[in-house]
Every structure is written in structure tokens, then in C-alpha cells.
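These are the residues of each chain, in order.
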Amino acid sequence: MKKIVFVTGATSGIGEAIARILAPSHALVICGRRVDRLEKLAAELSAQTDVQTLSFDVSDADAVNAALDSLPSEWKNIEVLVNNAGNAHGRAPIHEGDLADWDAMIDGNLKGLLYVTRAISPGMVERKSGDIINVGSIAGKEVYPDGNVYCASKFGVDAATNGMRMDLNPYGIRVVGIHPGLVETEFSMVRFKGDEDKSEGVYKGMTPLYAEDIAETVKFVVERPPHVTIADMTIFPTAQASSTIVNRQS
Ligand code: 8X3
């Protein structure tokens, strides 16, 4: 079988694009909560490669472990883990924050990434090989107003990524942080809870990144020769210079 890649959050956006771009050259375990989308993607990609689907919530540690246990034994040697699942929920000053939104972001973006890594990394350690690619965000490098808890969750991802690289260094495991700026996906619709005006405003007057741009980078990272680790990448659309500086044409 080809190298096995495990992608979380594969039912849309960046995760789906990563699954698509890696399908010709890798076997895929695609994960997500939306079973219908997962099955549709699996049916499509199975024309190109072997595909397994796993539907579970990354923030439920028992569900993560049960999902991994359910994989056929020949699928358990996961060589590339792409921790992509994550979202923003709401954008508000700290004193008006919604606790359920905070929990969803810390549980999904940070604890979820940790749970999946905890479940998969021991196999990599045993085999002394593997790639872990964590999709963070510019929000994990620079805080911006009203981004408080989302930024905290992504700063956590950045810290965890750097820590993993240290801990897994003796085993030849590559740990990569990819930090996108503005990418047009369902991200803003989720963040603004379906408010189309607010969501469209995020990308107004500028050309954002698209999911495929990030997927191409993941492909590049995975295809480096074994002695090369792309440890950390920040990827902006050309119109963006920082979390808060975006060149918009009116
Ligand atoms: C997504 C980028 O700038 O909306 O993580 O936080 S941003």
C-alpha cells in the first residue's frame, strides 16, 4: 500500500483540499464529523487511491481512540498525520465572550489536535518515522482585537507543535507548523454563525488564499526528502501583511 496519510477536518475547506491533492500518491484516512460529506469524498477519491473514512469528534478523547482502534490493522501504520480540524466560533471582546464558543475553540483546535496526536504518535515513535503537520494560523503568531480565545487556541497549537518537534526529535519524526492568513473557506461563515455579510466582509476587496494554496504547501512539505523538515511556515495572501494589515481595494 502507498504511504498512509490521516487527515482530520477533511469534509471541507483546507482538509478536503489536502485529501484531494494527496490522493494520487497516498492512501488516505479521511476524518470528519459530517458522514454524508465524508462518504461522498471517499467515493470520489477511491477512484485514485485506497480510502478509509472515520467519523468522530476530535475533542472527544474516547471517540478518537475508538475510531483509531476501528481501523483495519494494515491501516494502523499512519505515516503522515495532518492535524487540520479546527474552527473559529464568534469574534467578540473578552468581556462579551460566549463560553460555549470558547469551549468549542479550545476543545476542537487545541485539545482535539493533542488527542489525535497522542493516539497516533506512539506508532511513529515505535517505527522511528512519521510526519506530523499541524495547521495553525497567523492567529497563533499575532493576536488581534476580539480574537482573544481563538488566538489563544492557535498560540497553543504553535507551542504544542514546537514542543512535539523537540520530544519527537530522537525518533526522526518531522513536525511541521503551517500558519495560514486569510483563506476563503467556510471558516468565516462558521465564525460568524452564518452571517453572510460579515463573512464576505472578511475577504472584501482583496484576493484571499484558497484551500488549494495551503494543500499545495502540505504536498510540498510531505514530499521533501527525509533529511528536510519544513518546521514552520506562515502563508499570507499577497494582500495581507499581518493579522491586521490587509490591502483592500474599494
Ligand atoms: C484564520 C486567520 O486571521 O482570521 O485562522 O485569524 S484569521
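Refer to the preceding data block for the structure.
Residues numbered from 1 in each chain as written. Predicted model: local features only at pLDDT ≥ 70, side-chain atom pairs only at ≥ 80, totals over all residues. Heavy atoms only, no water.

Asks: I'm lost on the sheet that holds strand β4 (residues 80-83) in this one. Help?
Replies: Hydrogen bonds along the backbone pair up the strands of a sheet, which may run parallel or antiparallel. The seven strands lie next to each other as β3-β2-β1-β4-β5-β6-β9, forming an open sheet whose pairing is parallel. Each having just a single partner strand, β3 (51-55) and β9 (232-235) make up the two edges of the open sheet. With direction set aside, neighbouring strand axes in the sheet form an average angle of 15 degrees. Pairing between strand β5 (residues 130-135) and strand β6 (residues 173-180): six bridges, direction parallel. Note that in β6 the partner of Ile133 across the bridge is Val176. Contacts from helix α2 (residues 35-45) reach β2 (27-32) and β3 within the one sheet, and its direction differs from that of β3 by about 175 degrees. Contacting β5, β6 and β9, helix α5 (residues 148-168) runs over the sheet at an angle of about 160 degrees to β6. (Pairing = 2+ DSSP bridges. Helix = DSSP H or I, 4+ residues; strand = E, 2+ residues; numbered from the N terminus. Axes fitted to C-alpha atoms, helices over the stretch in contact; angles between N-to-C directions. Contact = heavy atoms within 4.5 Å.)

Asks: Help me understand the site of the ligand in this model?
Replies: Every residue near the ligand is listed here: Ser137, Ile138, Ala139, Tyr144, Tyr150, Gly181, Phe187 and Arg191. Contacts to the ligand include Tyr144, whose side-chain N or O atom sits 2.5 Å from an oxygen atom. Of the residues in the shell around the ligand, the class split is five nonpolar, two polar and one charged. (Near = heavy atom within 4 Å. Polar contact = N/O pair within 3.5 Å; in protein donor to acceptor, adjacent residues only side chain to side chain. Nonpolar A, V, L, I, M, F, W, Y, C, P; charged D, E, K, R; others polar.)

Asks: Honestly, the layout of surface pockets in this entry has me stumped. Any pointers?
Replies: Considering only enclosed or pocket space, the second largest pocket measures out at about 200 Å³ in volume. Looking at the second largest pocket, it is lined by 13 residues, and the ones nearest its centre are Leu68, Lys76, Ile78, Ala119 and Ile120. Listed by contribution, the elements that provide at least two residues to the lining of the second largest pocket are α3 (61-69) and α4 (99-127). The residue makeup of the lining of the second largest pocket, split by class, is seven nonpolar, two polar and four charged. (1 Å grid on protein atoms, 1.4 Å probe; cavity = no way out; pocket = protein on both sides within 12 Å on 5 of 7 lines; lining within 4 Å. Points joined across faces, edges and corners; volume = space filled by probe spheres on them.)

Asks: Explain empty space enclosed by the protein to me, please; I cannot follow it from the model alone.
Replies: Over the atoms, a rolled probe matching the size of one water molecule traces out where space is still vacant. In the structure shown here, the tally under the stated rule is one cavity of 30 Å³ or more. In this structure, the largest cavity occupies an estimated 30 Å³ of space. Split into classes, the residues belonging to the lining of the largest cavity amount to four nonpolar, four polar and no charged.

Asks: How should the side chain of Asp131 be read in this particular structure?
Replies: Tracing the backbone through its elements, the reader meets Asp131 in strand β5. In terms of polar contacts, Asp131 uses its side chain to reach the side chain of Arg174, at 2.9 Å. When sequence neighbours within four positions are dropped, the list of residues in contact with Asp131 reads Glu79, Val80, Leu81, Met124, Arg174 and Val222.

Asks: Help me understand the packing of α3 against α4, please; the structure alone is not making it clear to me.
Replies: For any two helices packed against each other, one specifies the inter-axial angle together with the distance between the axes. At a minimum axis separation of 9 Å, α3 and α4 run at an interaxial angle of 35 degrees. Of the two possible hands of crossing, α3 and α4 adopt the one that is right-handed. Touching Ala61, Val64, Asn65 and Leu68 of α3 are Tyr115, Val116, Ala119 and Ile120, all from α4. In the contact of α3 with α4, the residues fall into seven nonpolar, one polar and no charged. (Left-handed = near helix turned anticlockwise from the far one by under 90°.)

Asks: Help me understand unusual backbone geometry in this model?
Replies: Outside of glycine, negative phi angles account for most residues, and trans bonds account for most peptide bonds. A positive phi angle is found at Asp146, which is not glycine, with a value near 70 degrees. With respect to the element layout, Asp146 can be found in the loop between β5 and α5. Its identity as a non-glycine residue notwithstanding, Lys193 has a phi of 50 degrees, on the positive side. Of note, Lys193 is situated in the loop between α6 (187-191) and α7 (196-202). Exposure remark for Lys193: the relative accessible area of 55% places this residue in the exposed category. (Buried < 20%, exposed > 50% of the residue type's maximum accessible area, 1.4 Å probe, protein only.)

Asks: In this structure, what is going on with the packing of aromatic side chains? I would like to understand it.
Replies: In this description, a pair of aromatic rings is defined by centroid distance and the angle of the planes. One pass over the structure, following the stated rule, counts one aromatic pair. Geometry around Tyr150 places Arg191 over its ring, the cationic atom sitting 4.9 Å from the centre. The ring of Phe220 has Arg224 lying over it, and the distance from NZ or CZ to the ring centre is 3.8 Å. (Phe/Tyr/Trp six-rings, centres within 6.5 Å; stacked < 30°, edge-to-face > 60°. Lys NZ or Arg CZ within 6 Å of the ring centre and 35° of its normal.)

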